[in-house]
Amino acid sequence: MRTGRSQKPAARSQNRNGRRLTVLAITILFMLPVASFAQARGRGQAQRPPSAPTPRYSDGHPMLSTPPGQLGYWDAGTGSLTGKNGNNLQTNIEINEVPFMPWSKALYEVRRAEQSKSDPHARCLPPGGPRQFHTPYGLLIYEIPEAKRVLILSGGGPHMWRVVYTDGRPHPSGDLLNPGFLGHSVGHWEGDTLVIDTVGFNEKFWMARFGLPHTDALHLVERISRPDYNTLKYEATIDDPKTYTRPWSGGWIINWHPAEDFEEYFCQDNNRDAEHLVGQ
């Protein structure tokens with residue numbers, strides 16, 4: 001009996017030590033990926049290999065999509081029309097330089113103060129204009145030479161697609177131009193840059209994530225190029241004489257997400273928690 005009693009404290013001590021070791025092991029396991037990721041990210045920034053060259057069609061102009069037999073998509077993400085931070089272009093202007101009219105500046109400030117609670121995108125409406133290029137879950141750009149069209153497919157939002165006509169047609173005029181979320185887009189190549197001219201927008205969406213206003217007078221010119229395999233350069237010129245005192249431009253760099261297709265994501269119209277999407 002003395003032997004049994006003398007072993008119980010030792011057993012309890014072993015159990016406590018075992019639990020401590022288990023907790024320590026779990027803690028280390030959870031910490032290791034974070035530390036390893038940070039170290040790998042640091043190494044990647046310092047030793048990142050150069051990107052592959054821009055893929056091209058047989059006639060030499062850039063391919064903005066995946067080459068045959070490969071997967072990947074453009075991981076849209078964090079770009080903005082204003083500011084020079086992050087992936088934004090150094091040619092961007094700052095928000096205090098945007099040529100607002102008094103009413104549009106006031107509306108922008110209200111949207112920012114309300115932390116985007118009235119953003120139509122949170123209610124699953126299509127992201128028109130530049131908003132399409134910084135909507136989460138990425139995008140794809142497919143050229144269909146035989147149909148003389150370019151398709152821009154969104155992985156996020158309501159999974160919409162946009163048609164850019166490259167057959168030389170003009171924009172419709174008068175009542176034939178039916179305003180919509182995506183407008184009417186025509187495009188052409190200038191060297192290695194796809195230039196898209198779009199008119200015919202409605203006013204039911206925010207053209208940029210942070211609430212920059214626009215009206216049905218918006219004339220958008222986008223310039224899209226692929227300087228290397230992993231990089232898409234997006235630049236937009238905003239010309240809306242009802243909203244801004246002069247045209248202005250901004251853009252950002254979009255990174256390639258290799259070897260994967262879009263995640264399965266669908267924004268549903270019946271979003272019951274939209275009132276809480278206010279950034280708090």
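What you see is a predicted model; the values in this text were computed from it and never measured. (Residues numbered from 1 in each chain as written. Predicted model: local features only at pLDDT ≥ 70, side-chain atom pairs only at ≥ 80, totals over all residues. Heavy atoms only, no water.)

(A) The overall build of the chain, seen in detail. A tally of helices and strands in the chain yields two helices and nine strands. N-terminal to C-terminal, the α/β element order of the chain is α-β-α-β-β-β-β-β-β-β-β. Intrachain contacts of the chain at a sequence separation of at least 6 include 57% that bridge at least 24 residues. Of the accessible surface of the chain, which amounts to about 16200 Å², a share of 56% is contributed by carbon and sulfur atoms. (Helix = DSSP H or I, 4+ residues; strand = E, 2+ residues; numbered from the N terminus. Contact = heavy atoms within 4.5 Å. Areas by Shrake-Rupley, 256 points an atom, 1.4 Å probe, with all protein chains shown as cover.)

(B) Inspection of the packing of aromatic side chains at higher detail. All told, the structure shown has 11 aromatic pairs when counted by the stated rule. With centroids separated by 5.9 Å and ring planes inclined at 55 degrees, the aromatic side chains of Phe-201 and Phe-205 adopt a geometry described as tilted. Across the pair, exposure class does not vary: Phe-201 and Phe-205 are buried alike. An aromatic cluster of at least three residues, connected via ring pairs, comprises Phe-100, Tyr-108, Tyr-244 and Trp-248. Positioned over the ring face of Tyr-165 is Arg-169, at 3.8 Å from the centre of the ring. Over the ring of Trp-256 we find Arg-226; its NZ or CZ atom is 4.9 Å from the centre of that ring. (Phe/Tyr/Trp six-rings, centres within 6.5 Å; stacked < 30°, edge-to-face > 60°. Buried < 20%, exposed > 50% of the residue type's maximum accessible area, 1.4 Å probe, protein only. Lys NZ or Arg CZ within 6 Å of the ring centre and 35° of its normal.)

(C) Quick peek at unusual backbone geometry. Phi is positive for Tyr-137, which is not a glycine, with a value near 80 degrees. Mapped onto the fold, Tyr-137 is located in the loop between α2 (102–113) and β2 (139–144). Of note in the backbone geometry, His-159 takes a positive phi value of approximately 55 degrees without being a glycine. Counting through the fold element by element, His-159 comes out in the loop between β3 (149–154) and β4 (161–165).

(D) Highlighting the pairing of β4. Where β3 meets β4, five bridges bridge the pair, whose relative direction is antiparallel. When the bridges of β4 are listed, Val-150 appears paired with Val-164. Counting the residues that bridge the hairpin from β3 to β4 gives six residues, and of these Gly-157 lies at a positive phi of roughly 60 degrees. In the sheet, β4 pairs with strand β5 (residues 184–190) via two bridges, with the strands oriented parallel. For Tyr-165, the partnering residue across the bridge sits in β5 and is Val-186. (Pairing = 2+ DSSP bridges.)

(E) Local environment of the layout of surface pockets. What the second largest pocket holds in volume is close to 200 Å³. Around the second largest pocket, the lining is made up of 14 residues, and of these Ser-80, Thr-82, Ile-95, Tyr-108 and Phe-210 lie nearest the centre. Counted by class, the lining of the second largest pocket contains five nonpolar, seven polar and two charged residues. (1 Å grid on protein atoms, 1.4 Å probe; cavity = no way out; pocket = protein on both sides within 12 Å on 5 of 7 lines; lining within 4 Å. Points joined across faces, edges and corners; volume = space filled by probe spheres on them. Nonpolar A, V, L, I, M, F, W, Y, C, P; charged D, E, K, R; others polar.)

Don't take any of this as a statement about function, it's just geometry.
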